[in-house]
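Residue-level listing of the chains:
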Amino acid sequence: MPSFHFTPDEMCTTLKLEMKRIQDFFLANGWDLEPDPRKADIILATTCSGWEGLERNSLATLASLQDCPGRVVSVGCVNEVNPDAVSQVHSGPRLSTRSLEDVETLIDNPSVPLADIPFPSTFRCKEDYRLYDLSKRYVNICMGCSFACSYCPHRIGLGKLRSRTPESILGQIQDLLDQDVRIVVLTGMETALYGRDLDTTYPELLRAVLDLGPGFDIHVAQFHPIGVQRYHEELLELFANERVTDIQIPIQSSSERLLKMMNRPPLPERLGEFLAGVRAANPKAIVRTDLIVGFPTETMGELDASLEFATQHFDEVAAYAIELRKGLPAEKYLGETFPREELDQRVAHAVVFVESKGLIAHGGQQSGESLLELEERKQAMRRAKGHFQEPACAGCAS
């Protein structure tokens, strides 16, 4: 019987789910999962370009597999974001995250097409989780991204927005409720503009999910602030529902000047009012954001203004040091980047600033140990807000 091997996933949640679907595709077509890459007929080497460190790890892993007897396939965003670097270590096939359906070309005449493989709500293995808890499941509502931020490789890696149909999403969630799932995370690389390619909207989807019945909470992930501008009143009503217990809205900065350099729209004028309304109406909700720290030419005044806005309206702030790379529009700012030491100091300043307000803060690209500590702090906050209690942390994930 033919066999396949997967390297450990160092990927975003969206692609962890897609890798589980690809694994299920191979299994459905009669292949065995082989733990030893040297014994597998096909080795799927997962790659990520989200951070420079992850990309280096991905390329090193890909290079280390080249002497394996089986066919090595490079899978993931590095194929699109840095194809020349892939070519330096790998001459075999590549599976693009823009068209994962091409996985069917790796098997001769597959009896079960990828289209017949259900969308998963779990990752491939326990090691892929930061918190292993099957009462909490993840549902990809879309792939790709509607935006083209000047510094971000995600649109290049994943392609344009591709929304799943509401019927497909609701059917998957209903199946989860039949398994007594308590938390459903609506996720994607960017979710606020879900449905623009299907003549529907995120609020319409969220309302339909809430209408499936009580007994489960909803987490909103990767929701661009532009969604607040488009759907302010409708979204405020939905986010006020106490079953919406976690809301992530990455603002990146409050500086209109820096956001323009990032090729992001200005923050909605009523964003602060919206967030205050959500927190007043739904005190159970944990509201989270991301900030980019040290974008070229950023002043300390601009950073502190962003931190002040974030700590006024959010419960958790993730402060990420900017990483610029060649080949993206923000490459033109490479000559104005801050030294690594100063970037680290700015991230540390951001963390201290947020924690001084009694809120949760963390820097990007943390070690596994700090991720576990972060999850423990999050669990304490959820218990204080009366959330369904999740188990202790086990393992970590990117």
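Residues numbered from 1 in each chain as written. Predicted model: local features only at pLDDT ≥ 70, side-chain atom pairs only at ≥ 80, totals over all residues. Heavy atoms only, no water.

Peer 1: Would you explain the pairing of strand β9 (residues 183–187) in this entry?
Peer 2: Note on strand geometry: in a regular strand, side chains alternate between the two faces of the sheet. By the criterion of burial, β9 is predominantly enclosed, with five of the five residues buried. Relative to β9, strand β6 (residues 136–140) runs parallel, the two sharing five bridges. Looking at the pairing, V139 lines up with L186 of β9. Tracing the backbone out of β9, into helix α7 (residues 202–210) and back to the parallel element strand β10 (residues 217–220) gives a crossover that is right-handed. (Buried < 20%, exposed > 50% of the residue type's maximum accessible area, 1.4 Å probe, protein only. Helix = DSSP H or I, 4+ residues; strand = E, 2+ residues; numbered from the N terminus. Pairing = 2+ DSSP bridges. Right-handed = clockwise from strand over helix to strand, strands pointing away.)

Peer 1: When you look at the pairing of strand β1 (residues 3–6) in this model, what are you seeing that I'm missing?
Peer 2: Here β1 shows two buried faces, one formed by S3 and H5 and the other by F4 and F6. Pairing of β1 with strand β2 (residues 32–33) involves two bridges; the strand directions are parallel. Looking at the pairing, F4 lines up with L33 of β2. Crossover connection from β1 via helix α1 (residues 13–28) to parallel β2: handedness right-handed.

Peer 1: Got a minute to help me understand the layout of surface pockets in this structure?
Peer 2: A probe as big as a water molecule, rolled over the atoms, marks out the empty space that is left. Taken as a whole, the second largest pocket holds about 340 Å³ of empty space. In terms of lining, the second largest pocket is formed by 19 residues, of which the most central are E18, R21, E101, F119 and M143. Going through the elements one at a time, α1, β7 (142–143) and β8 (162–163) are the ones with two or more residues in the lining of the second largest pocket. Of the residues contributing to the lining of the second largest pocket, the split by class is six nonpolar, six polar and seven charged. (1 Å grid on protein atoms, 1.4 Å probe; cavity = no way out; pocket = protein on both sides within 12 Å on 5 of 7 lines; lining within 4 Å. Points joined across faces, edges and corners; volume = space filled by probe spheres on them. Nonpolar A, V, L, I, M, F, W, Y, C, P; charged D, E, K, R; others polar.)

Peer 1: I would appreciate a short explanation of helix α11 (residues 300–313) in the present structure.
Peer 2: The end-to-end C-alpha distance of α11 is 20 Å, a good match for the 20 Å that 14 residues give at a rise of 1.5 Å each. Listed as buried for α11 are E302, L303, S306, L307, F309, A310, T311 and H313. On the buried face of α11, the contacting elements are α9 (256–261), α10 (271–281), β12 (286–293), β13 (316–321) and α12 (340–355). (Expected span 1.5 Å × (residues − 1). Contact = heavy atoms within 4.5 Å.)

Peer 1: Sorry if this is basic, but what is going on with the sheet that holds strand β14 (residues 360–363) here?
Peer 2: Picture the strands of a sheet paired through backbone hydrogen bonds; they go either parallel or antiparallel. Ordered by their spatial adjacency, seven strands build an open sheet running β6-β9-β10-β11-β12-β13-β14, and the pairing between neighbours is parallel. What marks the edges here is a single partner per strand, and that holds for β6 and β14. Mean inter-strand twist for the sheet, computed between neighbouring axes without regard to direction, equals 15°. With three bridges connecting them, strand β11 (residues 244–248) and β12 associate as parallel partners. Along β12, the bridge assignment pairs I247 with V287. Sheet strands in contact with α7 are β9, β10 and β11, and its direction is about 160° off that of β10. (Axes fitted to C-alpha atoms, helices over the stretch in contact; angles between N-to-C directions.)

Peer 1: Please clarify how the packing of helix α6 (residues 166–177) against α7 should be interpreted in this entry.
Peer 2: Put simply, α6 and α7 touch, their axes get as near as 10 Å, and they point 30° apart. Accordingly, the angle class assigned to the pair α6 and α7 is roughly parallel. Viewed along their axes, α6 and α7 form a crossing whose handedness is right-handed. Where α6 abuts α7, its residues P166, I169, L170 and I173 lie against L205, A208 and V209. Class assignment of the residues belonging to the contact of α6 with α7 gives a composition of seven nonpolar, no polar and no charged. (Parallel < 35°, antiparallel > 145°, perpendicular 65-115°, else oblique. Left-handed = near helix turned anticlockwise from the far one by under 90°.)

Peer 1: Looking at this structure, I do not really get empty space enclosed by the protein. What am I missing?
Peer 2: With the rule as written, the count across this model stands at one cavity of 30 Å³ or more. Roughly 50 Å³ of volume is contained in the largest cavity. Along its surface, the largest cavity is lined by H224, P225, I226, I251, L259, R264, P265, P266, L267 and P268. Grouping the constituent residues of the lining of the largest cavity by class yields eight nonpolar, one polar and one charged.

Peer 1: Explain a positive patch on the surface here, please?
Peer 2: On the surface, R98, R155, K160, R196 and R230 cluster together into a positively charged patch. The topology assignment puts R230 in helix α8 (residues 226–239). (Patch = residues over 30% accessible without salt bridge, like charges linked within 9 Å, V, L, I, M, F, W, Y side chains within 5 Å. Areas by Shrake-Rupley, 256 points an atom, 1.4 Å probe, with all protein chains shown as cover. Salt bridge = Lys/Arg side-chain N within 4 Å of Asp/Glu carboxyl O. Lys, Arg positive; Asp, Glu negative; His and termini not counted. Charge placed at Lys NZ, Arg CZ, Asp CG, Glu CD.)

Peer 1: Sorry, what's going on with the pattern of salt bridges here?
Peer 2: Between side chains of opposite charge, a pair can form when the charged atoms approach closely. Evaluation of the coordinates by the stated rule reveals 15 salt bridges. Its salt-bridge partner being R38, residue D67 comes within 3.5 Å of it at the nearest N-O pair. Taken as a pair, D67 in the loop between α2 (52–64) and β4 (71–76) and R38 in the loop between β2 and β3 (42–47) lie far apart in primary sequence, 29 residues in all. For D67, a relative accessible area of 54% puts it in the exposed group. Its relative accessible area of 44% is what places R38 among the partly exposed residues.

Peer 1: Is there a simple way to think about the confidence of the model for the protein in this case?
Peer 2: Do not read the fine detail of predicted coordinates wherever pLDDT is low. Put simply, the protein has an average pLDDT of 92, and 94% of its residues get 70 or more. In this model, residues 391–398 is a region of pLDDT below 50 whose contacts with residues beyond four sequence positions or in other chains number 32 contacts. (pLDDT = per-residue confidence, 0-100.)

Peer 1: What is the right way to look at the sheet that holds β1 in this model?
Peer 2: The five strands are arranged β2-β1-β3-β4-β5 in an open sheet whose pairing can be described as parallel. Two strands bound the open sheet, and with one partner strand each, they are β2 and β5 (94–95). Relative to β3, β1 runs parallel, the two being bridged by three bridges. Among the inter-strand pairings, H5 is bridged to a residue of β3, identified as I43.

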